[in-house]
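Fold and geometry: a report
These are the residues of each chain, in order.
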Amino acid sequence: QVQLVESGGGLVQAGDSLRLSCAASGRTFSIYTMGWFRQAPGKERELVARINWSGADTYYADSVKFRFTISRDNAKNTVYLLMNRLTPEDTAVYYCAASKLPYTLGYTSADFGSWGQGTQVTVSS
């Protein structure tokens, strides 16, 4: 298992930016795909963005494409999510997750085996 700790959430206004960070420990970080999920009240958890082990391959949900950027620093065992032009619809708890298996991509919650505790992002209009 890998331990994941998110930070960077908060209360912002529409149009603002935030950068989330997720620090990993406990196993080799650089061989696992990392993802950011979010869950709004009354809604299912959804994959927002994910990045493969080397950083060469990324995926974004349509709702955040061209606004959010996922990146990773394998030397620091950290993955980031830069969120620009935030809207109230982005309000949710954001979770960092690591894939269950090394050198595999992930697209659903079932593909990820380690989760952080979540960080709240609230965007006011």
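Structure: see above.
One structure accompanies this document, and this report is about it. The shown structure was predicted, so the numbers you read here are calculated from the model rather than taken from an experiment.

Brief notes about the overall build of the protein
Assigned secondary structure in the protein consists of zero helices and 11 strands. Going residue by residue from the N terminus, the α and β elements of the protein occur as β-β-β-β-β-β-β-β-β-β-β. Against the 2.2 N^0.38 benchmark of 14 Å for 125 residues, the protein shows a C-alpha radius of gyration of 13 Å, consistent with a compact globule. For the protein, the spread of C-alpha atoms along the three principal axes comes to 40 × 30 × 25 Å. Relative to its full complement of 125 residues, the protein shows a buried share of 43%. Long-range contacts, defined here as pairs at least 24 residues apart, represent 58% of the contacts in the protein between residues at least 6 apart.

Considerations on the side chain of Arg50
Positionally, Arg50 belongs in strand E5 (residues 46–51). Here Gly106 takes part through its backbone oxygen, which lies 3.1 Å from a polar atom of the side chain of Arg50. Looking at Arg50, its side chain comes within polar contact range of the side chain of Tyr107, at 2.8 Å.

As for the state of the cysteines
One pass over the structure, following the stated rule, counts one disulfide. Residue Cys22 pairs covalently with Cys96 via a disulfide, S to S 2.1 Å. On the sign convention where negative means left-handed, the S-S torsion of about -75 degrees between Cys22 and Cys96 marks this disulfide as left-handed. With Cys22 in strand E3 (residues 18–25) and Cys96 in strand E9 (residues 92–99), this pair connects stretches of sequence that are 74 residues apart. For the pair Cys22 and Cys96, one class covers both residues: buried.

A closer look at the pairing of E9
Counting buried positions along E9 gives seven out of eight residues, so the element sits mostly inside the fold. Two elements, strand E4 (residues 34–39) and E9, share six bridges in a ladder whose sense is antiparallel. In the sheet register, Gln39 faces E9, and the bridge partner there is Val93. Inspection of the sheet shows E9 paired to strand E10 (residues 112–115) by three bridges, in the antiparallel sense. By the bridge assignment for E10, Ser99 is matched with Phe112.

A few points about the pattern of salt bridges
Working definition: two side chains of opposite charge can pair if their charged atoms are close together. A full pass over the atoms with the stated rule returns five salt bridges. Taking the shortest distance from any N to any O, the salt bridge between Asp57 and Arg50 comes out at 2.7 Å. Arg67 is the partner of Asp90 in a salt bridge, and the nearest nitrogen-oxygen pair spans 2.8 Å. Here Arg67 lies in the loop between strand E6 (58–60) and strand E7 (68–73) and Asp90 lies in the loop between strand E8 (78–83) and E9, a separation of 23 residues in the sequence. One exposure class covers both Asp90 and Arg67, and it is buried. Residues joined in a network through salt bridges with shared partners are Arg38, Glu46, Arg67 and Asp90.

Basis of the calculations
- Residues numbered from 1 in each chain as written.
- Predicted model: local features only at pLDDT ≥ 70, side-chain atom pairs only at ≥ 80, totals over all residues.
- Heavy atoms only, no water.
- Helix = DSSP H or I, 4+ residues; strand = E, 2+ residues; numbered from the N terminus.
- Rg over C-alpha atoms; globule rule 2.2 N^0.38 Å.
- Buried < 20%, exposed > 50% of the residue type's maximum accessible area, 1.4 Å probe, protein only.
- Contact = heavy atoms within 4.5 Å.
- Polar contact = N/O pair within 3.5 Å; in protein donor to acceptor, adjacent residues only side chain to side chain.
- Disulfide = S-S within 2.5 Å.
- Pairing = 2+ DSSP bridges.
- Salt bridge = Lys/Arg side-chain N within 4 Å of Asp/Glu carboxyl O.

Shape descriptors only; they carry no functional weight alone.
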